[in-house]
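Next come the chains, spelled out residue by residue.
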Amino acid sequence: MKSAASEALLSLQRGLLATLQRRLPPEQNSEPLVELLRALTLALGRGDISLALHDGSEVPEGIESDGWPRVHREALLASGWLDGDQSVLVLHHNTLSWRRWHGAMQELERELQRRYLQAPIHAPSHATPHGSRTSQRSKTSDLSPEQQSAIHAIDRYGVVLLSGGPGTGKTSTVLHMLLRAFENQPNLRARLAAPTGKAARRLQDAIRSHPTTASLPCTTLHRLLEARPGGFGRHRRNPLHLDLLIVDEMSMVDLELGRALLSALPSHCQLVLVGDSAQLPPIGAGAVWQHLQAPDQNERFEEGAITLTKVYRNRGALAQMSALLRDQGLNPFWSQLSTLPKTSNISLFQPKTKQIPEAVHAVLTRHLDHLQARARALELDADGQPHQQQAQDLLGILDTLMVLCPRRRGPWGVDAVHQRMIASSEPQRWPSGLPVLCSENQPELGLANGDLGVMIGEGAHQRALFLSSDPSGESRHALLHPARLRHLEPALALSIHKAQGCEMDKVLLLWPALDDRQSSSLLYTAITRAKQQLLLFADPSALALGRSAGSRHPEDQSRIGDA
């Protein structure tokens, strides 16, 4: 049975094929040509705007005929679909793209290159003695050569690309880069931003450790650009007043948002982009960060493109296995999983059921009980607003545990978890202490899509506790009536996509059998959400590649531990 998303993509593919055949009848029609359009449409559904057609490229979803990619490339060249100004496809260096997005990505590349080649306004003068730079270098002598390169790059280039996996010191490097920029120009107008509220606040917490950066605004990209129906309030005719902007979690930025961001920046503004290209690509079309990290693109930024490889946080098997998955793929990952000792911080379970495993239910029950007790103890002031420290401690519990699922629907999906744990789908009947998710930007309430909160009280006294931010980036815990929240969802479990930008101490991952070609990046993203421990509940058929069926520690409930 096909999902609604699959049906939508199938309808889109049929519609595109019919339109192309009507407007640009192919000179030679063939099944490989139909397959190629199908594969390109399915790729678009994953946010990819192109297909690699060079010899040796992986066979994409939607291709069934033999002879890939030679037969399909020949069918495309014979079709006439690449000819003339009316063509909707373009083949460039054996990469097939939709002309619309190909042109937009090239425009973004050119603008980033133009900015890269201009010196930042805080760059030290060549005539200036190097004493101040030496003093700053002495303060960063404990940093790795890669981190030192990043600090050097912020002195010289208008665009800096900083990539690295979890625990490689990206955030601490950003802090040192900021300190260098402010040392050069104390009156620098700087801001930080990220695609989600959770990621923005995590970044802000990190820079508060130093008095020079503690008061810097850190918001979501949509709030920075003043998102509104139909577009953004900040653009080329109404640019941001900035000298330096740092954007974290770039893997979540699609082409439309990337172009809007560049359009809103004054021509002199320096841009530092930070991310991990192995994370899931954005839902929207055009994975900007993954595109910029491709070797042919990355090398164009020369010393302005830095990759951090040294791991500073000791995450044990979490670091080892995420690196293995990123570098070698699913088969070696599943094989290596069987060799981990029982003391490792990754535990594998293979329940033989399509229902939510009892062990997961037990952990979530304890977690919800703990949240309910703390929610009932939350003190309110005379205006009905929460005690700020108690509210912070309560929301902090959400960072200790999360259940993640690759999909919302189906066995072991987000919806299945909530149906098992919550008696009603109506918010007014949700229990106090229930984690909830704001799934739409509501700047008037100081909330961003992806913000997590907790239900407080019941009945007429029911409210949702969130950390609300004003336009300047200042935050305050607030109790909001559920009726004011346009899209509120339970959040005992999250999809892996929704969890991007978050980190939790313990992650319970429900992993059903998947045929999704993004399985590797989905699994990598899920693993890297865990700071201390991962409990992986896998359908035995999901492990068919790389190892035989059978649990390494069958039904060893003692390893689950307390939430």
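Residues numbered from 1 in each chain as written. Predicted model: local features only at pLDDT ≥ 70, side-chain atom pairs only at ≥ 80, totals over all residues. Heavy atoms only, no water.

Visitor: Quick question: what am I supposed to make of the sheet that holds strand S3 (residues 95-98) here?
Guide: Backbone-to-backbone hydrogen bonds pair the strands of a sheet. The strands run either parallel or antiparallel. Overall, antiparallel pairing links the 3 strands, which are arranged S1-S3-S2 in an open sheet. Here the strands that pair on one side only, and so sit at the sheet edges, are strand S1 (50-52) and strand S2 (89-92). Along the sheet, successive strands turn relative to each other by an average axial angle of 20°, direction set aside. Sheet analysis places S1 next to S3, joined by 3 bridges and oriented antiparallel. By the bridge assignment, Ala52 is partnered in S3 with Thr95. (Pairing = 2+ DSSP bridges. Helix = DSSP H or I, 4+ residues; strand = E, 2+ residues; numbered from the N terminus. Axes fitted to C-alpha atoms, helices over the stretch in contact; angles between N-to-C directions.)

Visitor: Whenever I open this one, the pattern of salt bridges confuses me. Can you help?
Guide: Two side chains bearing opposite charge may form a pair once their charged atoms approach each other closely. If you walk through the whole model with that rule in mind, you get 25 salt bridges. Salt-bridge contacts for Arg114 lead to Glu111; the nearest nitrogen and oxygen are separated by 2.9 Å. Note that Arg114 and Glu111 are positioned in helix H4 (residues 99-116) at a spacing of 3 residues, about one turn of the helix. For Arg114, a relative accessible area of 37% gives the class partly exposed. Judged by its relative accessible area of 21%, Glu111 falls in the partly exposed class. For Arg408, the salt bridge goes to Glu489, with nearest N and O atoms at 2.8 Å. A residue pair is termed long-range when its members are at least 10 positions apart, and Arg408 in the loop between strand S13 (401-405) and helix H17 (414-421) and Glu489 in strand S18 (residues 488-490) qualify at 81 residues. When salt bridges that share partners are traced, they join Glu111, Arg114 and Arg115 into one network. (Salt bridge = Lys/Arg side-chain N within 4 Å of Asp/Glu carboxyl O. Buried < 20%, exposed > 50% of the residue type's maximum accessible area, 1.4 Å probe, protein only.)

Visitor: Would you mind going over the side chain of His418 with me for this structure?
Guide: Relative to the helices and strands, His418 resides in helix H17. A polar atom in the side chain of His418 sits 3.0 Å from the backbone nitrogen of Leu492. Apart from residues no more than four positions distant in its own chain, His418 is found in contact with Pro490, Ala491, Leu492 and Ala493. (Polar contact = N/O pair within 3.5 Å; in protein donor to acceptor, adjacent residues only side chain to side chain. Contact = heavy atoms within 4.5 Å.)

Visitor: What is the right way to look at the packing of helix H13 (residues 317-328) against helix H14 (residues 330-337) in this model?
Guide: Packed helices, taken two at a time, are described by the angle their axes make and the gap between the axes. Running from N to C, H13 and H14 cross one another at 150°; their axes reach a closest spacing of 7 Å. The orientation of H13 with respect to H14, classified from their angle, is roughly antiparallel. Between H13, through Gln320, Met321, Leu324, Leu325 and Gln328, and H14, the contact on the second element is made entirely by Leu330, Pro332, Phe333, Gln336 and Leu337. Grouping the constituent residues of the contact of H13 with H14 by class yields 7 nonpolar, 3 polar and no charged. (Parallel < 35°, antiparallel > 145°, perpendicular 65-115°, else oblique. Nonpolar A, V, L, I, M, F, W, Y, C, P; charged D, E, K, R; others polar.)

Visitor: Looking at this structure, I do not really get the pairing of S3. What am I missing?
Guide: The side chains of a regular strand alternate between the sheet's two faces. Examined bridge by bridge, S2 and S3 share 4 bridges and lie antiparallel to one another. Note that in S3 the partner of His92 across the bridge is Thr95. In sequence, S2 turns back onto S3 through a hairpin of 2 residues, with His93 there showing a positive phi of about 55°.

Visitor: Would you mind going over the nonpolar core with me for this structure?
Guide: Grouped together as the largest cluster of nonpolar side chains are 82 residues, with contacts concentrated most on Leu112, Leu178, Leu192, Leu244, Leu245, Leu271 and Leu273. Of the residues forming this core, the biggest block, 7 residues, is contributed by helix H2 (residues 31-45). The residue makeup of this core includes at least three contributed by each of domain 1 (13-100) and domain 2 (144-308). For Leu273, the residues in contact, after removing those within four places along its chain, are Leu112, Val160, Leu161, Leu162, Val247, Met250, Trp289 and Leu292. (Core = buried A, V, L, I, M, F, W, Y, C linked by side-chain atoms within 4.5 Å. Domains from an automatic or database assignment.)

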